[in-house]
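# Chain and residue survey
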Amino acid sequence: QKEVEQNSGPLSVPEGAIASLNCTYSDRGSQSFFWYRQYSGKSPELIMSIYSNGDKEDGRFTAQLNKASQYVSLLIRDSQPSDSATYLCAVNHSGGSYIPTFGRGTSLIVHP
Amino acid sequence: GAVVSQHPSRVICKSGTSVKIECRSLDFQATTMFWYRQFPKKSLMLMATSNEGSKATYEQGVEKDKFLINHASLTLSTLTVTSAHPEDSSFYICSAKEGAEDSPLHFGNGTRLTVT
């Protein structure tokens, strides 16, 4: 079974710090990876997509992909209280269905 | 960017009645849409894949006669919860992809269903 694992948290960081969220996946052939943010009671919203090994930066967010180690991470720089949410990792596995598998999400709390 | 609109955002219905939820892709065409359900503090659960012009594909354990899906056009999919019961109360979210198959899902705002 193809799995996506995330630590459920909560991860608590002070305002202004770097929050580091990690995700591992079981299918070595996976090709596309996504991070979503979900506020309580709301639907997920896409933060980043990443397809190649290395770092991809967008504003305060950096996604990091290491296919050899089968992990993908999300760094949030200068964390703000408004970043407090659940962060979902999603992976498109190999095999052609292109229906992403979601992790259970990591709860992030940024305290002032 | 890709916008997925879902309606209604919140609905309360009586046990035994049916509820229809609409999902529209506003600025792109979606041959495939995905319906999820999420219980409080739980992860997203894929219910079914909606295919334009053909039958939906349901995940194991999801009753296709209870959760009717229709995808009549390239921009509209509907989910009807038939004969709703309190245990169907949940957060239902639709999603779609714009462009290539390996592109990300874009989610609607979700529908909070409460069955009394």
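Attention here is on the structure that accompanies the text. Residue positions are counted from 1 within each chain, in the order its sequence is given. In the order they appear in the text, chains get letters beginning with A and ligands get numbers beginning with 1. Where local features are concerned, this predicted model is filtered to residues with pLDDT of at least 70; where side-chain atom pairs are given and counted, the filter is 80 or more; whole-chain, interface and lining totals use all residues. Processing note: side-chain calculations cover all non-hydrogen atoms of the structure and skip hydrogens and water entirely.

## What to know about the layout of surface pockets
- Only protein atoms enter the 1 Å grid, on which a cavity is a set of points fitting a 1.4 Å probe that cannot get out and a pocket is an open set with protein on both sides within 12 Å along at least 5 of 7 lines, lining residues being those with an atom within 4 Å of a point. Grid points are joined across faces, edges and corners, and a volume is the space filled by probe spheres set on the points. Here the largest pocket defines a volume of roughly 610 Å³.
- Along the walls of the largest pocket sit 24 residues, with A:Thr86, B:Gln38, B:Pro40, B:Lys41 and B:Lys42 positioned nearest its centre.
- Secondary structure is summarised from DSSP: a helix means a run of H or I of at least four residues, a strand means a run of E of at least two, and numbering begins at the N terminus for each. Sorting the residues of the lining of the largest pocket by element identifies strand S9 (85–92) and strand S11 (106–111) of chain A as the ones contributing at least two each.
- Per-element tally for the lining of the largest pocket: the top contributor is S11(A), with four residues.
- Estimated volume of the second largest pocket: approximately 510 Å³.
- Lining the second largest pocket are 21 residues, with A:Gln1, A:Lys2, A:Thr101, A:Phe102 and B:Leu44 sitting closest to its centre.
- By residue class, the composition of the lining of the second largest pocket is nine nonpolar, seven polar and five charged. Gly is placed with the polar residues, together with every amino acid not listed as nonpolar (Ala, Val, Leu, Ile, Met, Phe, Trp, Tyr, Cys and Pro) or charged (Asp, Glu, Lys and Arg).

## A short note on the state of the cysteines
- Here, two cysteine sulfur atoms that lie within 2.5 Å of each other are counted as a disulfide. Taken as a whole and assessed by the stated rule, the structure comprises two disulfides over all chains.
- Take B:Cys13: it sits in no disulfide, and the sulfur closest to it among the cysteines is that of B:Cys94, at 18 Å.

## Observations regarding the environment of A:Asn66
Residues and elements named next belong to chain A.
- Tracing the sequence through the fold places Asn-66 in strand S7 (residues 61–66).
- Put simply, Asn-66 and Tyr-39 are 27 residues apart on the chain and 27 Å apart in space, counted from C-alpha to C-alpha.
- Beyond its immediate stretch of four places on either side in the chain, Asn-66 contacts Tyr-25, Asn-53 and Tyr-71.
- Pairs of N or O atoms are called polar contacts if they sit within 3.5 Å, as long as, within protein, a hydrogen donor faces a hydrogen acceptor (for residues adjacent in sequence, only side-chain-to-side-chain pairs). Reaching out from Asn-66, the side chain makes a polar contact with the backbone nitrogen of Ala-68 at a distance of 3.1 Å. The criterion used for residue contact is that any of the two residues' heavy atoms lie within 4.5 Å.

## Some remarks on the sheet that holds strand S3 (residues 19–25) of chain B
Residues and elements named next belong to chain B.
- Overall, antiparallel pairing links the four strands, which are arranged S1-S3-S8-S7 in an open sheet. Sheet topology places strand S1 (4–7) and strand S7 (67–73) at the edges, where each strand pairs with a single neighbour. The average undirected angle you get between the axes of adjacent strands in this sheet is 15°.
- The pairing of S3 with strand S8 (residues 76–81) spans six bridges and is classified as antiparallel. When the bridges of S8 are listed, Glu-22 appears paired with Thr-78. Should DSSP find at least two bridges between two strands, the strands are taken to pair. Each axis is a line fitted through C-alpha atoms, taken for helices only over the stretch in contact, and angles between the N-to-C directions span 0 to 180 degrees.

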